[in-house]
Amino acid sequence: MARAFRAGIEPKRKLRMPLRQRLWRPVKDLASLTSRAERTVQQMGPLTEVPSLVRIENEHWVFERIEASVLSQLSHRLVVQTPTGEEVLGVTEDLTTALEVARCVAESDQRVVLIQAL
């Protein structure tokens, strides 16, 4: 057995397997995927910005979904002017909360906050 390993395999008994190269064409292979993604984008229509619904409780951020009953109770919108246009910070239930949030934003960010009635 040891002599077989030292001597190796006779040339006429060796198996010959040509190396087969695989060509990967990513553009061609992914063409159907990109066309499907483009069709989906066209069907979706223009993008709209949806602000996240966040409230702070006990120094923790709480993300929540809003219900229709809560929407009817909202009365004031907080708006900040940015270089790209207006940015809505959020909506409050009453004027006192809106004034308090606007004061905090003005103190911390040095920006003017517009309070709009809904």
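Participant: Explain the overall build of the protein chain to me, please; I cannot follow it from the model alone.
Facilitator: Along its length, the protein chain carries five helices and five strands. Across the 118 residues that make up the protein chain, the buried fraction comes to 11%. Looking at the protein chain as shown, the accessible area adds up to about 11400 Å², and 56% of this sits on carbon and sulfur atoms.

Participant: Would you take a moment to explain the pairing of strand S1 (residues 54-57) for this structure?
Facilitator: Within a regular strand, the side chains alternate between the two sheet faces. Pairing between S1 and strand S2 (residues 60-63): four bridges, direction antiparallel. Of the residues in S2, the one forming a bridge with Glu-57 is His-60. Between S1 and S2, which follow one another and run antiparallel, lie two residues, and Asn-58 among them has a positive phi close to 50 degrees.

Participant: Teacher, can you tell me more about the pairing of strand S3 (residues 76-82) here?
Facilitator: For S3, the tally of buried residues reaches five of seven residues, placing the bulk of the element in the interior. Across seven bridges, the pairing between S3 and strand S4 (residues 85-92) is antiparallel. Directly across from His-76, in S4, lies its bridge partner Thr-92. Remark: two residues form the turn of the hairpin made by S3 and S4, two consecutive strands paired antiparallel. Bridge analysis of S3 against strand S5 (residues 113-117) gives five bridges, and the strand direction is antiparallel.

Participant: Help me out: how do you make sense of the sheet that holds S4 in this one?
Facilitator: Note: strands within a sheet are paired through backbone hydrogen bonds, in either parallel or antiparallel orientation. Taken together, the three strands give an open sheet; going across it, the order is S4-S3-S5, and neighbouring strands pair in antiparallel fashion. Of all strands in the sheet, those bounded by a partner on one side alone are S4 and S5. In this sheet, neighbouring strand axes are inclined to one another by 30 degrees on average, regardless of whether the strands run parallel or antiparallel. Packing against the sheet, helix H5 (residues 95-109) makes contact with S3, S4 and S5, and its axis sits at approximately 165 degrees to S5.

Participant: Can you walk me through the pattern of salt bridges in this structure?
Facilitator: Any two side chains of opposite charge can pair, on the condition that their charged atoms come close. As enumerated under the stated definition, the model contains two salt bridges in all. For Glu-107, the salt bridge identified is with Arg-103, shortest N-O distance 3.3 Å. Within this pair, Glu-107 and its partner Arg-103 are both found in helix H5, separated by four residues, close to a single helical turn. Of the residues examined, Glu-107 reaches a relative accessible area of 51% and is grouped as exposed. Its relative accessible area of 43% is what places Arg-103 among the partly exposed residues. As a salt-bridge pair, Asp-109 and Arg-111 come within 3.5 Å of each other at their nearest N and O atoms.

Participant: Just checking my understanding: could you explain the confidence of the model for the protein chain for this structure?
Facilitator: Residues shown with low pLDDT carry predicted positions that ought not to be read at fine detail. Predicted confidence across the protein chain gives a mean pLDDT of 79, with 88% of residues reaching 70 or more. Mean pLDDT per element in the protein chain: helix H1 (residues 2-7) is the minimum at 62, and H5 is the maximum at 88.

Participant: Just checking my understanding: could you explain H5 for this structure?
Facilitator: Each α-helix winds once per 3.6 residues, and so residues spaced three or four apart point in a common direction. Under the 1.5 Å per step criterion, the end-to-end length of H5 is 21 Å for 15 residues, consistent within 8% with the ideal 21 Å. Among the residues of H5, those classed as buried are Ala-98, Ala-102 and Val-105. The buried residues of H5 occupy an angular sector of 65 degrees when projected down its axis, which confines them to one face. The exposed set on the far side of H5, more than 90 degrees from its buried face, consists of Thr-96, Glu-107 and Ser-108. Of the surrounding secondary structure, the elements contacted by the buried residues of H5 are S3, S4 and S5. Note on H5: the residue one or two positions beyond its end, Gln-110, has a positive phi of about 60 degrees.

Rules of the game
Residues numbered from 1 in each chain as written. Predicted model: local features only at pLDDT ≥ 70, side-chain atom pairs only at ≥ 80, totals over all residues. Heavy atoms only, no water. Helix = DSSP H or I, 4+ residues; strand = E, 2+ residues; numbered from the N terminus. Buried < 20%, exposed > 50% of the residue type's maximum accessible area, 1.4 Å probe, protein only. Areas by Shrake-Rupley, 256 points an atom, 1.4 Å probe, with all protein chains shown as cover. Pairing = 2+ DSSP bridges. Axes fitted to C-alpha atoms, helices over the stretch in contact; angles between N-to-C directions. Contact = heavy atoms within 4.5 Å. Salt bridge = Lys/Arg side-chain N within 4 Å of Asp/Glu carboxyl O. pLDDT = per-residue confidence, 0-100. Expected span 1.5 Å × (residues − 1). Arc of directions from axis to C-beta.

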